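# Architecture at a glance
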Amino acid sequence: QGHSGCVNCLEWNEKGDLLASGSDDQHTIVWDPLHHKKLLSMHTGHTANIFSVKFLPHSGDRILITGAADSKVHVHDLTVKETVHMFGDHTNRVKRIATAPMWPNTFWSAAEDGLIRQYDLRENSKRSEVLIDLTEYCGQLVEAKCLTVNPQDNNYLAVGASGPFVRLYDIRMIHNHRKSMKQSPSAGVHTFCDRQKPLPDGAAQYYVAGHLPVKLPDYNNRLRVLVATYVTFSPDGTELLVNMGGEQVYLFDLTYKQRPYTFLLPKKCHTSGEVQNGKTSTNGVSNGIHLHSNGFRLAEGRAHVSPQVELPPYLERIKQQANEAFACQLWTQAIQLYSKAVQKAPNNAMLYGNRAAAYMKRKWDGDHYDALRDCLKAISLNPCHLKAHFRLARCLFELKYVAEALECLDDFKGKFPEQAHSSACDALDRDINAALFSKSDNAEDKKGGGPIRLRATGRKDSISEDEMVLRERSYDYKFRYCGHCNTTTDIKEANFFGSNAQYIVSGSDDGSFFIWEKETTNLVRVLQGDESIVNCLQPHPSYCFLATSGIDPVVRLWNPRPESETLNGRVVVDMEGASQANQRRMNADPLEVMLLNMGYRITGLTSGGAGGSDDEDSSEGQVQCRPS
């Protein structure tokens, strides 16, 4: 205890014997957390809430940097408790500061003016320069919210901003580009044809959860804001974790990258390989699903079933438990059991097909896209997986890829003619044709607009051509973590945790923080960490301690308790109930959520299923419903 306002940021020093905190009270406190001692408290000179605090590397923990809502960045000397530099270059709230060991005396800031600035304290002028200007790509409304430097290669900087895209930049390439521009004799002469790009080709790579761009119009209509509230690299620098405000937590693999599995093409195109015997193939699915990064396309005709290795007895038992949970409509439990089995048997098509069915039944945000991914994996392992083929068509329909769903369903009927007139098939056919009929009025608009994932939302976004290209080259996520809620604050963190970064942790609007297994994505623990909202979670650099903070004016330190002890009162036993409530909260009317946070109970918020925003299945049948 020591602050008198919300604690918005926490930062361990490299050795882990000091913890710094910043607050709405405009003070920073340096703690000896393991001895519960407050070593130093100082007013930072800011005139508004502090959002970020960082120790400057190689300064002997003497220099502390803060960024705040007054648009200022301040540098403090802790030995004399003085603010030694004040930077006022930003024109909107400063949300994050980043540092890097390889860049001594250098740090970066991200602010809501859309700028990423770089500072060098060795410079006599003590001024900053603009490293990245997001407004040149996304228009004046874009806001930078968070940033972080790769701990293993300090040349790479990740930036989160408004919208679903996360950006990874090569700092060295940007600097080299700027130097060559200055040295070029024609640097001052520009024509329309040879305009100078603000960033060189190859200096930026975008990442996005593959289903989010097509969901943007729907989210915008419901005033549901997508914004990256926190980004961080794994300790080995090979993975990027993002807490996506208004959505879920996503992990991106920076080594084994994959393209998003779906996006609309502006027009149909048939490659020479798709024209056989003088006749164009009807397999239109390849036009709507991009699988080039995985080397897989839906097979033509009826392929031979690839031999499925039997599961060992212990995994067969897990699969049976999952099937029983599915039969009892315990969708999350079934998903977690299937995921546990998938981790041990990653080449078993049936497990992916069954998990897809559970995702489709649960219908949380993003579930139909994860189901689609599982269907494609199942089909790649077993081209004759009948249920996976049918579920793929249903997923495409639920994800609003209606034309692709029709092509996929036609493909399914050709491969499995005995199922062509089943009740489930007929029902999906009716749903698709009804959707196509209702959308016929605006079909012409879509033809001319290009892929839906690229289109602006009607505001003054003014997306540049360079930005559109970068978005089209985006990579998809590897894992998704569900259960928390991130809609109320835009500083909510998610982090790697554990000796081998084997866990993922995130704060939540319900006052809890959530812990998942990284590889299975299964939720393993929910703990009550704040009376209102948990925003910050910073793991100790070497020991199993976790520092958290939020709306309460306190910093909490967590560590494992002996298994012989009884569970303490902060453990949330009903994790499934907490997760379902958070799904409802994320999809509630923003006014209802605000009133709920003020203490009013809104009956509409808790009515109905925890289904998220995906449409309900309007048909069910044997092909789709039961796990194998």
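These numbers come from a predicted model, not from an experiment. (Residues numbered from 1 in each chain as written. Predicted model: local features only at pLDDT ≥ 70, side-chain atom pairs only at ≥ 80, totals over all residues. Heavy atoms only, no water.)

### A short note on the overall build of the protein chain
To keep it simple, the criterion reads: Numbering of helices and strands runs from the N terminus, with a helix taken as a DSSP run of H or I at least four residues long and a strand as a DSSP run of E at least two residues long. Using a 1.4 Å probe on the protein chains alone, a residue whose accessible area is under 20% of its type maximum counts as buried, one over 50% counts as exposed, and one in between counts as partly exposed. In this description, contact between two residues means that some pair of their heavy atoms is separated by no more than 4.5 Å. Residue-level accessible areas treat just the shown protein chains as cover; the underlying method is Shrake-Rupley with a 1.4 Å probe.
Helix and strand content of the protein chain: 16 helices and 29 strands. Classification of the 628 residues of the protein chain by burial places 57% in the buried group. Sequence-distant contacts, at least 24 apart, represent 58% of the contacts inside the protein chain between residues at least 6 apart. Carbon and sulfur atoms make up 51% of the accessible area of the protein chain, which totals about 27,500 Å².

### Notes on the environment of Asp17
With respect to the secondary-structure elements, Asp17 resides in the loop between strand 1 (7–12) and strand 2 (19–23). Residues Asp17 and Pro541, 524 residues apart in the sequence, show an inter-C-alpha distance of 9.6 Å. When residues no more than four places from it in sequence are discounted, the contact partners of Asp17 are Trp31, Asp32 and Pro33.

### Details of the UniProt feature "repeat: WD" (unreviewed entry) in the protein chain
For clarity, the cut-off: UniProt positions are given in the numbering used here, feature names are shortened, and annotations may be inferred rather than shown by experiment.
The UniProt feature table records "repeat: WD" (unreviewed entry) at residues 1–32, 43–86, 497–526 and 527–568. Across residues 1–32 one finds 0% helix and 53% strand; the C-alpha atoms that close the span lie 12 Å apart. Annotated as 0% helix and 53% strand, the span residues 497–526 places its first and last C-alpha atoms 14 Å apart.

### A closer look at helix 3 (residues 212–221)
Within the span of helix 3, buried status applies to Leu212, Pro213, Val214, Lys215, Leu216 and Tyr219. Here the buried face of helix 3 lies against strand 18 (239–245) and strand 19 (249–253). Positive backbone phi, at 55 degrees, marks Leu223, one or two positions downstream of helix 3.

### Brief notes about the sheet that holds strand 19
Note the following rule: In this analysis, strands are considered paired if DSSP registers two or more bridges between them. Helix axes are fitted to C-alpha atoms over the stretch in contact, other axes to C-alpha atoms as well, and angles between N-to-C directions run from 0 to 180 degrees.
Strand order in the open sheet formed by four strands is 17-18-19-22, and the pairing between neighbours is antiparallel. Each edge of the open sheet carries a strand with a single partner, namely strand 17 (227–233) and strand 22 (479–481). Strand-to-strand twist across the sheet, computed as the mean angle between neighbouring axes with direction ignored, equals 20 degrees.

### Brief notes about the packing of aromatic side chains
Going by this rule: Classification of ring pairs rests on two measures: the distance between centres of Phe, Tyr or Trp rings, Trp counted by its six-membered ring, which must be within 6.5 Å, and the angle between planes, read as stacked under 30 degrees, edge-to-face over 60 and tilted in between. Counted as over-ring charges are cases with an Arg CZ or a Lys NZ within 6 Å of the ring centre that also lie within 35 degrees of the ring normal.
The tally for this structure, following the rule as stated, stands at 15 aromatic pairs. Summarising the aromatic geometry, the rings of Phe326 and Trp331 are spaced 5.0 Å apart at their centres and angled 70 degrees between planes, so their arrangement reads as edge-to-face. The pair formed by Phe326 and Trp331 is uniform in burial state, with each residue classed as buried. Measuring from centroid to centroid gives 6.0 Å for Tyr369 and Tyr477, while their planes differ by 55 degrees, and the two rings are tilted. Remark: Tyr477 occurs in the loop between helix 13 (465–472) and strand 22 and Tyr369 occurs in helix 8 (residues 367–381); sequence separation between them is 108 residues. For Tyr477, a relative accessible area of 1% translates into the label buried. Lying over the aromatic face of Tyr219, Arg224 brings its terminal NZ or CZ to 4.4 Å of the ring centre.

### As for the pairing of strand 7 (residues 73–77)
Look at any regular strand and the pattern is simple: side chains alternate between the two faces of the sheet. For strand 7, a buried count of five out of five residues is recorded, marking the element as mostly surrounded by other parts of the structure. Here strand 7 shows a buried face lined by Val73, Val75 and Asp77 and a second buried face lined by His74 and His76. Where strand 6 (residues 63–68) and strand 7 come together, five bridges link them in antiparallel fashion. Bridge assignment links Thr66 to a residue of strand 7, and that residue is His74. As defined by bridge partners, strand 7 adjoins strand 8 (residues 82–87) across five bridges and the pair is classed as antiparallel. Note that in strand 8 the partner of Val73 across the bridge is Phe87.

### As for the sheet that holds strand 7
As summarised here, the arrangement of the four strands in space is 5-6-7-8, forming an open sheet in which the pairing is antiparallel. Lying at the two open borders of the sheet, with one neighbouring strand each, are strand 5 (50–55) and strand 8. The average angle at which neighbouring strand axes cross in this sheet is 20 degrees, direction not considered.

### Details of unusual backbone geometry
With a phi close to 55 degrees, Ala501 is a non-glycine residue in the positive phi region. Along the chain, the position of Ala501 falls in the loop between strand 23 (494–497) and strand 24 (503–507). According to the relative accessible area criterion, Ala501 is buried, its value standing at 8%. A positive phi angle is found at Thr521, which is not glycine, with a value near 65 degrees.

### Brief notes about helix 6 (residues 331–344)
The criterion, for reference: What a helix should span is 1.5 Å times the count of its residues minus one.
Taking 1.5 Å of rise per residue, 14 residues should cover 20 Å, and helix 6 covers 20 Å from first to last C-alpha, within 8% of that figure. Along helix 6, the residues that are buried comprise Trp331, Thr332, Ala334, Ile335, Leu337, Tyr338, Ser339, Ala341 and Val342. In this structure, the buried side of helix 6 is in contact with helix 5 (313–327), helix 7 (349–362) and helix 14 (575–586).

### What about the environment of Phe513?
Examined against the element boundaries, Phe513 turns out to sit in strand 25 (residues 512–517). Once residues within four sequence positions are removed from consideration, Phe513 is found in contact with Ser506, Gly507, Arg525, Val526, Leu527, Gly529, Val534, Leu537, Leu546, Thr548 and Trp558.

### As for the pattern of salt bridges
Put simply, the rule reads: When a carboxyl oxygen of Asp or Glu is within 4 Å of a side-chain nitrogen of Lys or Arg, the pair counts as a salt bridge.
On inspection of all chains with the given rule, the structure shows 33 salt bridges. With a shortest N-O distance of 2.8 Å, Glu112 and Arg93 are connected by a salt bridge. Remark: Arg93 occurs in the loop between strand 8 and strand 9 (94–99) and Glu112 occurs in the loop between strand 10 (106–111) and strand 11 (115–120); sequence separation between them is 19 residues. A salt bridge links Glu398 to Arg394; the nearest nitrogen and oxygen atoms lie 3.1 Å apart. Pair noted here: Glu398 and Arg394 are both in helix 9 (residues 386–398), with a separation of four residues, about one helical turn. In this structure Arg394 comes out as buried when scored by relative accessible area, which is 0%. One salt-bridge network, in which partners are shared between bridges, spans Arg93, Lys95, Glu112, Glu143, Lys145 and Asp490.

### Structural notes on the confidence of the model for the protein chain
This is how the line gets drawn: pLDDT is defined as a per-residue confidence score from the predictor, taking values between 0 and 100.
For the protein chain, the average pLDDT comes to 84, and 81% of its residues sit at 70 or higher. In the predicted structure, residues 187–194 sits below a pLDDT of 50 and forms three contacts with residues beyond four places in sequence or in another chain. Contacts from residues 263–297, a stretch scored under 50 in pLDDT, to residues over four places away or in other chains number 60 contacts.

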